[in-house]
Amino acid sequence: MVDAAELIDNDFLRQFEIKIDNHLAKIEYSLQERKIFLTKLIIPEGIKDEDFKKEFLALVFEQIEGRNLSVVPTSPEIAKFVRSNRKYKRMLPVGLRI
């Protein structure tokens, strides 16, 4: 359902965006040095697909990994995703445990 071609990094608003069925899902972020702080996950109620959140987060993490940035998940939902997906734990800065 989610395609990498649909993922947009909106630098101006500092958020990753994906549009599904006229609904805009987004992850707000803050970029500091070589770290990206993922601060807020917003999934509209109109998106009913159970796997959408996981697919969206996986796409965002893949894009961040391609930029060689460390990830600091400050949103509880994003931290939960990292805890349940061991392969993304390596993207955390040294010394950060979630």
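Structure first, text after, so check above.
Remember, predicted model here, so these are calculated numbers, not experimental data. (Residues numbered from 1 in each chain as written. Predicted model: local features only at pLDDT ≥ 70, side-chain atom pairs only at ≥ 80, totals over all residues. Heavy atoms only, no water.)

1. Structural notes on the nonpolar core
Stage number 1. F16, I27, I36, L38, F56, F61 and I64 are the most contacted members of the largest nonpolar core, which totals 26 residues.
Stage number 2. Looking at this core, the elements that each hand over two or more residues are β2 (15-20), β3 (23-32), β4 (35-42), α1 (52-66) and α2 (76-84).
Stage number 3. In terms of residue count, α1 provides more of this core than any other element does, seven residues in total.
Stage number 4. When neighbours within four sequence positions are excluded, I36 is seen to be in contact with F16, Y29, S30, L31, I64, L69, S70, V71 and V72. (Core = buried A, V, L, I, M, F, W, Y, C linked by side-chain atoms within 4.5 Å. Buried < 20%, exposed > 50% of the residue type's maximum accessible area, 1.4 Å probe, protein only. Helix = DSSP H or I, 4+ residues; strand = E, 2+ residues; numbered from the N terminus. Contact = heavy atoms within 4.5 Å.)

2. Observations concerning the sheet that holds strand β5 (residues 70-73)
Stage number 1. One open sheet accounts for five strands, arranged β1-β2-β3-β4-β5; its pairing is mixed. Two strands close off the open sheet at either side, each with one partner strand: β1 (8-10) and β5. Neighbouring strand axes in the sheet, compared pairwise and without regard to direction, differ in orientation by 30° on average.
Stage number 2. Strands in contact with α1 are β1, β2, β3, β4 and β5; relative to β2, the strand with the most contacts, it is inclined by about 140°. (Pairing = 2+ DSSP bridges. Axes fitted to C-alpha atoms, helices over the stretch in contact; angles between N-to-C directions.)

3. Digging into the layout of surface pockets
Stage number 1. Reported here for the largest pocket is a volume of approximately 320 Å³.
Stage number 2. For the largest pocket, the lining is made up of 15 residues, of which E50, K53, K54, L57 and E77 are closest to its centre.
Stage number 3. Listing elements by their share of the lining of the largest pocket, those giving two or more residues are α1 and α2. (1 Å grid on protein atoms, 1.4 Å probe; cavity = no way out; pocket = protein on both sides within 12 Å on 5 of 7 lines; lining within 4 Å. Points joined across faces, edges and corners; volume = space filled by probe spheres on them.)

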